[in-house]
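Analysis of the macromolecular model
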Amino acid sequence: MNSANIIRKRFLENIDSEYKKFSETTIVPKCYAVAGIRMPVIRQFAKEICKGDWRSYLDAVRDEYSEDMILRGMIIAEAKMDLDERFAKINEFVPKIDNWGICDSFCSSLKITKKNKDAVWNMIMPFIGTGEEFQIRFAVVMMLAYFMDEEYVDMVIEHMEKIRHPGYYVKMAVAWCLSYCFINFPEKTMTYLKDNTLDDFTFGKALSKITDSFRVGENLKDEIRKMRRK
């Protein structure tokens, strides 16, 4: 057994059957089953692999479980490589995402975005036009995680207005993103929310997420509640 497969064997020895039951209630698997490995364990293995021959690991290991994919995403996000190689691996990885857990953990790991914002923005844009639920969600979650600033917020809101996809995980991501826009830029986002073409579900969820936030004052929450569609 090669070293990559030895690491994977060790990784799977951390399966927690009780956590597996919990995970299966929150993540609906499609291509990848849920093993039941906790996130701190996955992060620990990602750090270990990134210190060694991570390319051999990625080449050798078959992704059977959602946690295999989460680990792969963390390695792609955190291993030392130049931006061109990282972008190539991201573009290969994102179409394989099949649930929100893989998507959102990958986005949260891509901290290289902070020093490469223009390049990452341009990299994520094509995913919006794919028509694929989790590829669109990837782009939206990246926006809410890294592009909540004066330079990008107008473009973020513009994209949220244009996205049209029936998938639940796209709609929830758009609502989540708009709530972040509101928290950071309340006046600008309020203007948009008063004149938008969002579907009723996404609009309602965006308002709910805003009113759930501890970072929004009660007066603004009252104004938001009055905007609910009948």
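Residues numbered from 1 in each chain as written. Predicted model: local features only at pLDDT ≥ 70, side-chain atom pairs only at ≥ 80, totals over all residues. Heavy atoms only, no water.

1. Description of helix 5 (residues 66-78)
The end-to-end C-alpha distance of helix 5, which contains 13 residues, comes to 18 Å, matching closely the 18 Å that a straight helix rising 1.5 Å per residue would cover. By the criterion of burial, helix 5 is predominantly enclosed, with 12 of the 13 residues buried. The set of residues buried in helix 5 consists of S66, E67, D68, M69, I70, L71, R72, G73, M74, I75, I76 and A77. (Helix = DSSP H or I, 4+ residues; strand = E, 2+ residues; numbered from the N terminus. Expected span 1.5 Å × (residues − 1). Buried < 20%, exposed > 50% of the residue type's maximum accessible area, 1.4 Å probe, protein only.)

2. Focus on the side chain of H165
With respect to the secondary-structure elements, H165 resides in the loop between helix 10 (153-162) and helix 11 (168-184). A polar atom in the side chain of H165 sits 3.0 Å from the backbone oxygen of G131. Of the polar contacts made by the side chain of H165, one reaches the backbone nitrogen of G167; its length is 2.8 Å. For H165, the contacting residues outside a window of four places in its chain are G131, E132, E133, I136, V170 and K171. (Polar contact = N/O pair within 3.5 Å; in protein donor to acceptor, adjacent residues only side chain to side chain. Contact = heavy atoms within 4.5 Å.)

3. A short note on the pattern of salt bridges
Across all of its chains, the model carries 21 salt bridges by this definition. Its salt-bridge partner being D16, residue R38 comes within 3.3 Å of it at the nearest N-O pair. Of this pair, R38 sits in the loop between helix 2 (17-26) and helix 3 (39-50) while D16 sits in the loop between helix 1 (3-12) and helix 2, placing them 22 residues apart in sequence. R38 sits in the partly exposed class, given a relative accessible area of 40%. For D16, a relative accessible area of 24% gives the class partly exposed. Its salt-bridge partner being E218, residue K221 comes within 3.8 Å of it at the nearest N-O pair. Pair noted here: K221 and E218 are both in helix 14 (residues 218-225), with a separation of three residues, about one helical turn. Classification of K221 as buried rests on a relative accessible area of 7%. Connected via shared salt-bridge partners are R8, R62, E64 and D68. (Salt bridge = Lys/Arg side-chain N within 4 Å of Asp/Glu carboxyl O.)

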